[in-house]
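# Summary of the model geometry
Given next are the chains, with one letter for each unit.
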Amino acid sequence: MKSYNKDCYTKINSETWDSWAENGCEWTIPITRAEYDRARESGDFTVYLTPCVKVPLEWFGELSKSKLLGLASGGAQQIPLFSAVGADCTIFDNSNEQLRRERVAADEFGYDVEIIKGDMTKPLPFDDNSFDIIFHPVSNCYIKDVRHVWNECYRILKPGGRLLAGFDNGMNFLFDDIENEPLILRHKLPFDPLAMSDEEFARMRDNFEGIQFSHSLEEQLGGQLEAGFTLRALYEDRDREGYGLLREYTAQYMATLAIKPV
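Residues numbered from 1 in each chain as written. Predicted model: local features only at pLDDT ≥ 70, side-chain atom pairs only at ≥ 80, totals over all residues. Heavy atoms only, no water.

## A look at the overall build of the protein
When you go through the protein residue by residue, the secondary structure sums to seven helices and seven strands. Along the protein, from the amino end to the carboxyl end, the secondary structure elements read α-α-β-α-β-α-β-β-α-β-α-α-β-β. Rg of the C-alpha trace for the protein: 18 Å, near the compact-globule value of 18 Å for 262 residues, within the 12% margin. Its C-alpha atoms put the protein at 50 × 40 × 35 Å along the principal axes. Considering only contacts in the protein between residues 6 or more positions apart, those separated by 24 or more positions represent 70%. Here the protein displays about 12200 Å² of accessible surface, and carbon together with sulfur accounts for 48% of that area. Of the side chains in the protein, 28 bear a positive and 44 a negative charge, and the two mean positions are spaced by 3 Å. (Helix = DSSP H or I, 4+ residues; strand = E, 2+ residues; numbered from the N terminus. Rg over C-alpha atoms; globule rule 2.2 N^0.38 Å. Contact = heavy atoms within 4.5 Å. Areas by Shrake-Rupley, 256 points an atom, 1.4 Å probe, with all protein chains shown as cover. Lys, Arg positive; Asp, Glu negative; His and termini not counted. Charge placed at Lys NZ, Arg CZ, Asp CG, Glu CD.)

## Digging into the nonpolar core
In this structure, Leu 69, Leu 71, Phe 92, Phe 126, Ile 134, Trp 150 and Leu 163 are the most contacted members of the largest nonpolar core, which totals 39 residues. Looking at this core, the elements with two or more residues in it are helix H1 (9-22), strand S1 (67-71), strand S4 (131-136), helix H5 (146-156), strand S5 (157-168), helix H6 (198-206), helix H7 (217-227) and strand S7 (253-259). At five residues, H5 tops the list of elements feeding residues into this core. Other than its neighbours up to four places away in sequence, Leu 71 contacts Phe 92, Met 120, Leu 124, Ile 134, Phe 135, His 136, Pro 137, Ser 139, Val 149 and Cys 153. Phe 60, Ala 76, Ala 87 and Val 113 belong to the second largest nonpolar core, which has 33 residues in total. (Core = buried A, V, L, I, M, F, W, Y, C linked by side-chain atoms within 4.5 Å. Buried < 20%, exposed > 50% of the residue type's maximum accessible area, 1.4 Å probe, protein only.)

## Observations regarding the packing of H5 against H7
Relative to each other, H5 and H7 sit at 35°, their axes nearing to 9 Å. Relative to H7, H5 is oriented so that their crossing is right-handed. Of H7, the residues touching H5 (which contributes Val 146, Arg 147, Trp 150, Asn 151 and Tyr 154) are Glu 218, Glu 219, Gln 220, Gly 223, Gln 224, Glu 226 and Ala 227. For the contact of H5 with H7, the class distribution of residues is four nonpolar, four polar and four charged. (Axes fitted to C-alpha atoms, helices over the stretch in contact; angles between N-to-C directions. Left-handed = near helix turned anticlockwise from the far one by under 90°. Nonpolar A, V, L, I, M, F, W, Y, C, P; charged D, E, K, R; others polar.)

## A few points about the environment of Phe 135
Among the secondary structure elements, Phe 135 is positioned in strand S4. Take Phe 135: its relative accessible area is 0%, and that puts it in the buried class. Along the chain, Phe 135 and Phe 60 lie 75 residues apart, while their C-alpha atoms are 9.2 Å from each other. For Phe 135, the residues in contact, after removing those within four places along its chain, are Val 47, Tyr 48, Leu 49, Val 55, Phe 60, Leu 69, Gly 70, Leu 71, Ser 73, Gln 78, Phe 82 and Leu 164.

## Thoughts on the pairing of S7
By the criterion of burial, S7 is predominantly enclosed, with seven of the seven residues buried. The alternating pattern of S7 places Tyr 253, Ala 255, Leu 257 and Ile 259 on one face and Met 254, Thr 256 and Ala 258 on the opposite face, and all of these are buried. Bridge analysis of S5 against S7 gives seven bridges, and the strand direction is antiparallel. What sits directly across from Phe 167, in S7, is Met 254. Pairing between strand S6 (residues 230-237) and S7: seven bridges, direction antiparallel. Bridge assignment links Tyr 235 to a residue of S7, and that residue is Ala 255. (Pairing = 2+ DSSP bridges.)

## Thoughts on the packing of H1 against helix H4 (residues 96-109)
Running from N to C, H1 and H4 cross one another at 55°; their axes reach a closest spacing of 7 Å. Comparing the axis directions of H1 and H4 gives the class oblique. Along its contact with H1, which presents Trp 17, Asp 18, Ala 21 and Glu 22, the element H4 presents Asn 96, Glu 97, Gln 98 and Arg 101. (Parallel < 35°, antiparallel > 145°, perpendicular 65-115°, else oblique.)

## Thoughts on the pattern of salt bridges
Inspection of the entire model under this criterion finds 19 salt bridges. Of the charged contacts in the structure, one is a salt bridge between Arg 247 and Glu 241, with a shortest N-O distance of 3.2 Å. By relative accessible area, Arg 247 is classed as buried at 14%. It is possible to trace a salt-bridge network through shared partners that takes in Arg 33, Asp 37 and Arg 40. (Salt bridge = Lys/Arg side-chain N within 4 Å of Asp/Glu carboxyl O.)

## Points about the packing of aromatic side chains
With the rule as written, the count across this model stands at 17 aromatic pairs. Centroid distance Tyr 36 to Tyr 111: 5.7 Å. Interplanar angle 25°. Geometry classified as stacked. Here Tyr 36 is found in helix H2 (residues 33-42), whereas its partner Tyr 111 is found in the loop between H4 and strand S3 (114-117), with 75 residues between them in sequence. Judged by its relative accessible area of 4%, Tyr 36 is buried. For Tyr 111, a relative accessible area of 9% puts it in the buried group. Taking 5.3 Å as the distance between ring centres and 55° as the angle between the ring planes, the aromatic pair formed by Phe 60 and Phe 82 counts as tilted. With Phe 60 in the loop between H2 and S1 and Phe 82 in helix H3 (residues 79-84), this pair connects stretches of sequence that are 22 residues apart. On the basis of relative accessibility, which here comes to 1%, the residue Phe 60 falls in the buried class. An aromatic cluster of three or more residues is present, and its members are Phe 45, Phe 60, Phe 82 and Phe 135. One cation-aromatic arrangement involves Arg 240 over Tyr 48; the distance from NZ or CZ to the ring centre is 5.0 Å. (Phe/Tyr/Trp six-rings, centres within 6.5 Å; stacked < 30°, edge-to-face > 60°. Lys NZ or Arg CZ within 6 Å of the ring centre and 35° of its normal.)

Listed below in C-alpha cells is the structure:
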C-alpha cells in the first residue's frame, strides 16, 4: 500500500478492495456459468444488497431492457445476472480488480456491459435521467458524504426510476472487536477515521482494513428523502455466520427501495 494521506482515502479503499479480491474475499467471487445460465433460462436469480437477506425480485420491477447501473458493486456477482435477464447494464466501481472480474465474466458468458472506473465521492459521469434502476449494495461506508451519493442517484435516475440500496446502521463501528465477548463499547458515533490520529489512520491503511465511516439513519434514510426519493420498502439484516458475535444481538444493516417520483 502506498503511503497515501487522509486526503487520498478513496485511493486507499480502491487498493484495499484490489487486495481483498486477490485474497479471495467472498464479496469478490464472480457467479458461475451455471448461475448465469439458470437466470437466463428461468428469469430467476438471487442477489444481495446486504449480507444475508435476498433482495425481493419485485423490488426490481421490469428488468428486461431496463437501463441498470451497478453502483460500487463490481466483482461480477450481480451484473451478470441482471444481464442474463435482459437488462442493459453499466458497472461503476473504484477497484481495478473488481472491474477486471466484470470484464472476464462478460467475455466468458457473452453479454455486453459498460465498465467504468470512478470515485463516487465525485459527480457521477452520467447524464440526468439516464437509468431505470440503480443497484447499490453496502459500500457507502467507504465514503464520508452519503448525501452526495443520494443526490447523484436522484439526478441520474429517470422519473419513476428505482434505487435499491444496502448500507450498515453504524452498530459495527461501536466496538473495536466484534469477534469476542465481552463486547466493549469503544467508539462514539458517527465514526470518522479522518478524525483519528495519523498513527491510527496509518495502521488502518497499512493493514488493509479499509477506511470506513459510520453514517446515521438521518444521513441514510433522511438523505434519500431530502434528495427527493419516496421510500417504498425496507428490511434489516445481519452479518453472515462466522463474522462476529454482534450479529447475535442486533441487526447491523438495512436495505431500502426508493422511487424517484414521476
